[in-house]
Amino acid sequence: MEIERKYLIDRLPDNLEAYPRKKIEQAYLNTAPVVRIRRQDEDYFLTYKGSGMMVREEYNLPLNKESYEHLREKADGIILSKTRYLIPLDGKLTIELDVFDAPYENLYLAEVEFETEEEAVNFTPPSWFGEDVTFSSRYHNSVLSDPASLSSR
């Protein structure tokens, strides 16, 4: 189960390069339900995500590079590329700050994952977070992979 809140970021924090980061490429084989493949640095995954906004089912299965590349050719829509910065927050929480590459350059999304719904509901975001888009499907990566979403931005 994935429990997360998602926020737009208007201005990137200072010293961003000081934080650990991962280069991510992801593509969608299906969007309802979500079936995604992801390359994260040199690791590869197949992910299934159920419906929902703040709380949803999520299963990750490891892939090898060859399987990833084979499935990548079958992807629908835009293959998303981004850098994910891992910023510690309040001890046990981590901000996953995604800085997207073209065609979504200048899109910055921060996600924070929680162990319980109660933690997520009671979360107070840092002052540099922008609009809470947790309950907007417009900012789901699966929606961003649809070329039609480019014209609605």
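Residues numbered from 1 in each chain as written. Predicted model: local features only at pLDDT ≥ 70, side-chain atom pairs only at ≥ 80, totals over all residues. Heavy atoms only, no water.

In the nomenclature of an unreviewed UniProt entry, the protein is known as CYTH domain-containing protein of Candidatus Blautia merdavium.

Visitor: I tried to follow the pairing of strand β8 (residues 93–100) on my own but got confused; where do I start?
Guide: Here is the key point about a regular strand: its side chains alternate between the two faces of the sheet. Burial of β8 is extensive: 7 of the 8 residues sit out of reach of the surface. The hairpin turn running from strand β7 (residues 76–89) into β8, its antiparallel successor, is 3 residues long, and Asp-90 in that turn takes a positive phi close to 50°. (Buried < 20%, exposed > 50% of the residue type's maximum accessible area, 1.4 Å probe, protein only. Helix = DSSP H or I, 4+ residues; strand = E, 2+ residues; numbered from the N terminus. Pairing = 2+ DSSP bridges.)

Visitor: Help me out: how do you make sense of the UniProt feature "domain: CYTH" (unreviewed entry) in the protein in this one?
Guide: Mapped onto the present numbering, the UniProt feature "domain: CYTH" (unreviewed entry) falls on residues 1–146. With 12% helix and 47% strand, residues 1–146 has its two end C-alpha atoms placed 25 Å apart. (UniProt positions renumbered as here; feature names shortened; annotations may be inferred.)

Visitor: In this structure, what is going on with the packing of aromatic side chains? I would like to understand it.
Guide: Any pair of aromatic rings gets described here by the distance separating the centres and the angle formed by the planes. Applying the stated criterion to the full structure yields 7 aromatic pairs. Measuring from centroid to centroid gives 4.9 Å for Tyr-7 and Phe-129, while their planes differ by 55°, and the two rings are tilted. Linking Tyr-7 in strand β1 (residues 2–8) with Phe-129 in the loop between α2 (117–121) and α3 (141–144), this pair joins segments that are 122 residues apart in sequence. The exposure classification of Tyr-7 matches that of Phe-129, with both residues buried. Aromatic rings pair up to connect Tyr-7, Phe-114, Phe-123, Trp-128 and Phe-129 into one cluster. (Phe/Tyr/Trp six-rings, centres within 6.5 Å; stacked < 30°, edge-to-face > 60°.)

Visitor: Is there a simple way to think about the side chain of Glu-25 in this case?
Guide: With respect to the helices and strands, the residue Glu-25 is situated in strand β2 (residues 21–31). Looking at Glu-25, its side chain comes within polar contact range of the side chain of Tyr-68, at 2.5 Å. At a separation of 2.8 Å, a polar atom in the side chain of Glu-25 contacts the side chain of Arg-72. Discounting chain neighbours no more than four positions away, the residues touching Glu-25 are Ile-37, Arg-38, Arg-39, Tyr-68, Arg-72, Ile-79, Leu-80 and Ser-81. (Polar contact = N/O pair within 3.5 Å; in protein donor to acceptor, adjacent residues only side chain to side chain. Contact = heavy atoms within 4.5 Å.)

Visitor: Sorry, what's going on with the environment of Tyr-108 here?
Guide: Position of Tyr-108 among the secondary structure elements: in strand β9 (residues 108–113). Separated by 72 residues in sequence, Tyr-108 and Arg-36 place their C-alpha atoms 20 Å apart.

Visitor: What is the right way to look at the sheet that holds β2 in this model?
Guide: Sheet strands pair by backbone hydrogen bonding; their relative direction is either parallel or antiparallel. Across the sheet, 9 strands lie side by side as β5-β1-β9-β8-β7-β2-β3-β4-β6; this open sheet has antiparallel pairing. The open sheet is flanked by β5 (55–56) and β6 (58–63), the only strands paired with a single partner. Note that β2 and β7 share 7 bridges and pair antiparallel. For Lys-23, the partnering residue across the bridge sits in β7 and is Thr-83. In this fold helix α1 (residues 65–72) packs onto β2, β3 (34–40), β4 (43–49), β6 and β7, with an angle of close to 130° to the strand it touches most, β3. (Axes fitted to C-alpha atoms, helices over the stretch in contact; angles between N-to-C directions.)

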